[in-house]
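Coordinates in review
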There are 4 protein chains.
Amino acid sequence: LFFPVGNPEPRLFAPYSIYKGKAAISVNPILPTFTKMDSGHFRVDRKGCILLTFWPAIGEHKYDWAKKQVFALSATEVGSLISMSSKDSSEFFHDPSMKSSNAGQVRKSLSIKAVPDANGYFINLNVVNNLTKTTDRFVVPVTTAEFVVMKTACSFALPHIMGWHRLTNPQLEEGAKKSSKIDPQLLDLEWDK
Amino acid sequence: LFFPVGNPEPRLFAPYSIYKGKAAISVNPILPTFTKMDSGHFRVDRKGCILLTFWPAIGEHKYDWAKKQVFALSATEVGSLISMSSKDSSEFFHDPSMKSSNAGQVRKSLSIKAVPDANGYFINLNVVNNLTKTTDRFVVPVTTAEFVVMKTACSFALPHIMGWHRLTNPQLEEGAKKSSKIDPQLLDLEWDK
Amino acid sequence: LFFPVGNPEPRLFAPYSIYKGKAAISVNPILPTFTKMDSGHFRVDRKGCILLTFWPAIGEHKYDWAKKQVFALSATEVGSLISMSSKDSSEFFHDPSMKSSNAGQVRKSLSIKAVPDANGYFINLNVVNNLTKTTDRFVVPVTTAEFVVMKTACSFALPHIMGWHRLTNPQLEEGAKKSSKIDPQLLDLEWDK
Amino acid sequence: LFFPVGNPEPRLFAPYSIYKGKAAISVNPILPTFTKMDSGHFRVDRKGCILLTFWPAIGEHKYDWAKKQVFALSATEVGSLISMSSKDSSEFFHDPSMKSSNAGQVRKSLSIKAVPDANGYFINLNVVNNLTKTTDRFVVPVTTAEFVVMKTACSFALPHIMGWHRLTNPQLEEGAKKSSKIDPQLLDLEWDK
């Protein structure tokens, strides 16, 4: 999967990956970063997220990681996902360059639709790039069991991406140093807020 | 947000904040404090809470933190919140000076009402101050997804504000020292029990 | 509350207590103890439990801790409690001296009954002592919010009383030493298996 | 229970065991192992699982551990289990030698069926060995309370068997060393992927 270079701090890659006929999806929590304030206290600097990565199939059991696209779910979007029942659907829109001069160049839409008769869900990602005039489409059908793993793991991760797991950890200093060196390459791939 | 001064122990600020048209709300867990007893054992000294902070909008995307009001949810009140279905409503009443000579001077009421048709909830805080003859009113409409984040994060935090996360932590001594220096300014703003 | 003496290891007391008109109840997790085997590995020695303590009211806001009775919920009994809906009821029977020559001398029964119309639950403990020819009865009505706190906290505690929280903790040695010195006075008060 | 030998790293055995008339079942989480990559980062090497162990009764309160059979639930299979309602049933098929020259020699099938009228579930394991021409069958009826413990404990364990509990743990090095020495004997007993 993705192995960033030039990052002096050891990180752990433990994605939950689902491989299907036309594409694969992996679910990966990204922790927030912390900043030490003049007061000596700490605050969340960059919020965490659940990073969804899609990459296409290029043959039987073969997938092309170079053609991946990512979608970073915020805490509130994770709230939408984990509260979905088997009758619900959700749709999210991101512009990675929002509030910059490049706003509107790339538009991402993620939709999750329950398919009650098929005992599962369809997860779709569309990435429209107005600059390169290209559109990437990914469709990953997931079973109810796979979606329950996504929901359970995201529920577990939610307080962590909010930074609440650190409230009870006395070793703030070490954690803050560590987090401030997190690989920016990864985080800058996609972020909408 | 709030940055208390004069507190020698590092603390972490990781509020979940929701900004809406007329006001903003942030949700922040406050851990309990511990006391060492003569027996060498420890007990919870001051109970933890979930601190809700409201502050008004004073323009587009501008909010006035100086006019904030807080409401501290006890463990049992958190139990009410996390068990709310999309048809329920809850109401809580606090008197920050209860059992003191100032009882009745300030009355706070928090109501949370599901609005099924609007796919969300209304969170209202009213603070009536009989001394200054003023009333502060805050209304924050939250979406179902935002409320799910509040419920999931508060469910995660509940055992922590009760102190149960420390049962498995052998380093009680350090924690107790740490907690006993928690900023009293913050905790004394509002507490009803 | 209860402060055992003569225990060299620091413990933490963080009960969730509910005070009502005729009696009070506190909910307290007791962690398992661990034993080092000849192989160098560890196993759970004495299982953990959720200890429910009842003590009677003897006046307004006055309770007599000396007349307390306890009931220790096993992991499976905790499973019953946390799966109770607002229409269910549960009943548990314990004989603290089961499988000993004193079997049958003391009989304890705990019942939890939902009272849908009253928006809450009745928790009853009856302790019949055939030796002293006495019966102690406790009735504590709890609100839905209080029961949700009990269920959420017990769900959090369940993997801990099973010892599963230690699977990821590398410092087994220290924990095992620590746990083996846990106050036996407390654990021997009531245990049915 | 099972005590592997020759493993220099201390491990903890804390199975949840249910003893019934014809067989017993124990539920035990197995953590993943981690590998340090050339980049200095870590990734999950061998995925974790929930190991179900069945062994037959050979008399009243007597069970024969030597005749045990195991079934290792993957993260997605755990997702199936924890999402089962009291009306559902699940069935899983494993071939421990899948993708090797021995494929098809041993076939395992696990079924979990809710029995609404009996207020519980039937857990069945069938192991057909074409080499030895033998079939082992285990049937363990579990109560709703016992199944709730299994579901709650497996929900707690799910992020751990995925390795997500390590995302917030800075001491990756130590953990990786530790995990890489995990007893292979145990893990090689049954694995389908």
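Residues numbered from 1 in each chain as written. Chains lettered and ligands numbered in written order. Predicted model: local features only at pLDDT ≥ 70, side-chain atom pairs only at ≥ 80, totals over all residues. Heavy atoms only, no water.

**Some words on the relation of the copies chain B and chain C**
Superposition record for chain B on chain C: RMSD 0.0 Å, screw rotation 90 degrees, translation along axis 0.0 Å. Seen this way, the second copy is the image of the first under a four-fold rotation axis. Nearest to the rotation axis, the C-alpha of Phe156(B) is located 6.1 Å from it, this being the minimum over chain B. (Least-squares fit on C-alpha atoms with pLDDT ≥ 70 in both.)

**A short note on the sheet that holds strand 10 (residues 106–115) of chain C**
All names here are of chain C. Pairing is antiparallel across the open sheet formed by four strands, whose spatial order is 9-10-11-12. Bordering the open sheet on either side are strand 9 (89–94) and strand 12 (134–143), each of which pairs with just one other strand. Across the sheet, the mean angle from the axis of one strand to that of its neighbour is 10 degrees, orientation sign disregarded. Here strand 11 (residues 120–129) pairs with strand 12 via ten bridges, running antiparallel. Within strand 12, the residue paired with Tyr121 across the bridge is Val142. Across the sheet, helix 2 (residues 144–161) touches strand 10, strand 11 and strand 12, and the angle it forms with strand 12 is around 105 degrees. (Pairing = 2+ DSSP bridges. Helix = DSSP H or I, 4+ residues; strand = E, 2+ residues; numbered from the N terminus. Axes fitted to C-alpha atoms, helices over the stretch in contact; angles between N-to-C directions. Contact = heavy atoms within 4.5 Å.)

**Re unusual backbone geometry**
Even without glycine at this site, His61(B) takes up a positive phi of about 60 degrees. Looking at the secondary structure, you find His61(B) in the loop between strand 6 (49–59) and strand 7 (62–63). Since its relative accessible area comes to 71%, His61(B) is described here as exposed. In this structure, Lys133(D) is a non-glycine residue whose phi angle is positive, near 55 degrees. (Buried < 20%, exposed > 50% of the residue type's maximum accessible area, 1.4 Å probe, protein only.)

**Details of the environment of Asp88(D)**
Residues and elements named next belong to chain D. Along the chain, Asp88 turns up in the loop between helix 1 (75–82) and strand 9 (89–94). When its relative accessible area of 32% is taken as the criterion, Asp88 is described as partly exposed. Placed 25 residues apart in sequence, Asp88 and Lys113 show a C-alpha to C-alpha distance of 6.6 Å. In contact with Asp88, not counting residues within four places along its chain, are Ser83, Ile112, Lys113 and Ala114. A distance of 2.9 Å separates a polar side-chain atom of Asp88 from the backbone nitrogen of Ser85. (Polar contact = N/O pair within 3.5 Å; in protein donor to acceptor, adjacent residues only side chain to side chain.)

**Concerning the relation of the copies chain B and chain A**
By a simple turn and slide, chain B fits onto chain A: the slide is 0.0 Å along the axis, the RMSD is 0.0 Å, and the turn is 90 degrees. Here only 4% of the contact residues of chain B are again contact residues in chain A; the copies associate through non-equivalent surfaces.

So yeah, pure geometry; function would need other evidence.
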